[in-house]
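# Structural overview
As a plain string of letters, each chain reads:
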Amino acid sequence: MQTQSDAGQGRSSKTFEPNLKLGARNQVEVGQFQVLGANLQIVLDGFGSFSVLANNILLEEGLGTNDGHGEVKFEPGNWYPLARWLKALERIGNEFGHYLLYQSGMTTPKNAVFPPTVTDIHSALRCIDVAYHMNHAAHGESMFNPGTGQMSEGIGHYVYAQVPGKKQVTLESSTPYPCDFDRGIVIAMAQRFQPSATLTHDASKPCRKNGGASCSYHVTWK
């Protein structure tokens, strides 16, 4: 996950509206969207000892290039089809366990470089949505322009809400990513600034594992 202003390559003045696909797990048609290669490489590195097996799936899904030794490499500044990436994550979760998705999600914020405005758990969790859009594109154009502050629509959001009077925030994710992957991102981001932070999935709300359009996470700390 890149969060600095030079990572987004944002040039677009367009706003892309969501293209809904009825009956889909997340209700987002992802065919027009891409994800940044630098972000994919960070996630791939997070697979650890499973990276060799994950490499095979990525190559089968047409992602990255084989370096000649069976390892997948991504060009940091290139955009890759989001639909293929999501399919690869789905296969990895089904074949090797959803904890691996959680683990790889946790790797993303641990390797991120934060702008100086991110100073505590609140600003860190608020910035997830901006970083998410900076690392994704619609028709090859970044979905967040740091120069203008304009964010394009279409791939869902991470919506932050602070619980008044408590050391607790709620983050609702309506992205097309797996729930376990998002849980990893959110808790790793929170623990980077509050090591005691814990995360629970709101059982009273929908979950994308069960066909819901979003998941709600409660983050608390001491």
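Up top is the structure these notes are about.
First, a word on scope: everything that follows refers to the structure included in this document. (Residues numbered from 1 in each chain as written. Predicted model: local features only at pLDDT ≥ 70, side-chain atom pairs only at ≥ 80, totals over all residues. Heavy atoms only, no water.)

## Description of the overall build of the protein
Each helix and strand in the protein was counted, giving 6 helices and 12 strands. Counting over 222 residues, the protein shows a buried share of 52%. The contacts of the protein with a sequence gap of at least 6 include a subset with a gap of at least 24, amounting to 68%. As presented, the protein carries roughly 10100 Å² of accessible surface, and 51% of it is formed by carbon and sulfur atoms. (Helix = DSSP H or I, 4+ residues; strand = E, 2+ residues; numbered from the N terminus. Buried < 20%, exposed > 50% of the residue type's maximum accessible area, 1.4 Å probe, protein only. Contact = heavy atoms within 4.5 Å. Areas by Shrake-Rupley, 256 points an atom, 1.4 Å probe, with all protein chains shown as cover.)

## A word on the pairing of strand β1 (residues 33–36)
Burial of the side chains of β1 extends over both faces: Phe33 and Val35 are buried on one face and Gln34 and Leu36 on the other. When β1 meets strand β5 (residues 136–138), the two strands line up antiparallel, connected through 3 bridges. Its bridge partner being in β5, Phe33 is matched across the sheet by Ala138. Taken together, the 3 bridges between β1 and strand β4 (residues 79–81) define a ladder with antiparallel strand orientation. Bridge pairing in β4 links Val35 to Tyr80. (Pairing = 2+ DSSP bridges.)

## Some words on the nonpolar core
Formed by 56 residues in total, the largest nonpolar core has its most connected members in Leu82, Trp85, Leu125, Tyr177 and Val219. Contacts of Trp85, omitting those with residues within four sequence positions, involve Val35, Leu40, Val43, Leu58, Leu63 and Tyr177. (Core = buried A, V, L, I, M, F, W, Y, C linked by side-chain atoms within 4.5 Å.)

## What about the pattern of salt bridges?
When their charged atoms lie close together, side chains carrying opposite charge are able to pair. Evaluated as defined, the whole model comprises 8 salt bridges. Put simply, Arg91 and Glu60 hold a salt bridge, and the shortest N to O gap is 2.7 Å. You can see Arg91 sitting in helix α3 (residues 82–96) and its partner Glu60 sitting in helix α2 (residues 51–60), a full 31 residues away along the chain. Residue classification places Glu60 among the exposed residues on the basis of a relative accessible area of 54%. For Glu71, the salt bridge goes to Lys73, with nearest N and O atoms at 3.9 Å. Each member of the salt-bridge network shares a partner with another, and the members are Glu60, Glu61, Arg91 and Glu95. (Salt bridge = Lys/Arg side-chain N within 4 Å of Asp/Glu carboxyl O.)

## Thoughts on the sheet that holds β4
Two strands in a sheet stick together by hydrogen bonds in their backbones, pointing the same way (parallel) or opposite ways (antiparallel). Strand order in the open sheet made by the 4 strands is β4-β1-β5-β6, with antiparallel pairing throughout. Among the strands making up the open sheet, the edge pair consists of β4 and β6 (141–142). Here helix α1 (residues 37–45) sits on the sheet in contact with β1 and β4, set at roughly 65 degrees to β1. Where α3 meets the sheet, its contacts fall on β1, β4 and β5, and the angle it forms with β4 comes to roughly 65 degrees. (Axes fitted to C-alpha atoms, helices over the stretch in contact; angles between N-to-C directions.)

## Quick word on the sheet that holds strand β12 (residues 215–220)
Strand order across the open sheet formed by 4 strands is β9-β10-β12-β11, with antiparallel pairing between neighbours. If you trace the sheet from one side to the other, it starts and ends with β9 (158–162) and β11 (198–201), each paired once. On average, adjacent strands in this sheet sit at an angle of 25 degrees to one another, irrespective of strand direction. Along the sheet, helix α5 (residues 121–134) makes contact with β9, β10 (168–173) and β12, crossing β9 at roughly 160 degrees. Contacts from helix α6 (residues 179–193) reach β9, β10, β11 and β12, with the element oriented near 25 degrees to β12.

## Some words on the pairing of β10
Within β10, 5 of the 6 residues are buried, leaving the element largely enclosed by the surrounding structure. Relative to β10, β9 is paired through 5 bridges, and the arrangement is antiparallel. Note that in β10 the partner of Tyr158 across the bridge is Ser173. Following β9, the chain reverses through 5 residues before pairing antiparallel with β10; Gly165 in that reversal takes a positive phi of roughly 75 degrees.

## Considering unusual backbone geometry
Look at His139: it is not a glycine, yet its phi comes out positive at around 55 degrees. Tracing the chain through its elements places His139 in the loop between β5 and β6. Exposure remark for His139: the relative accessible area of 52% places this residue in the exposed category.

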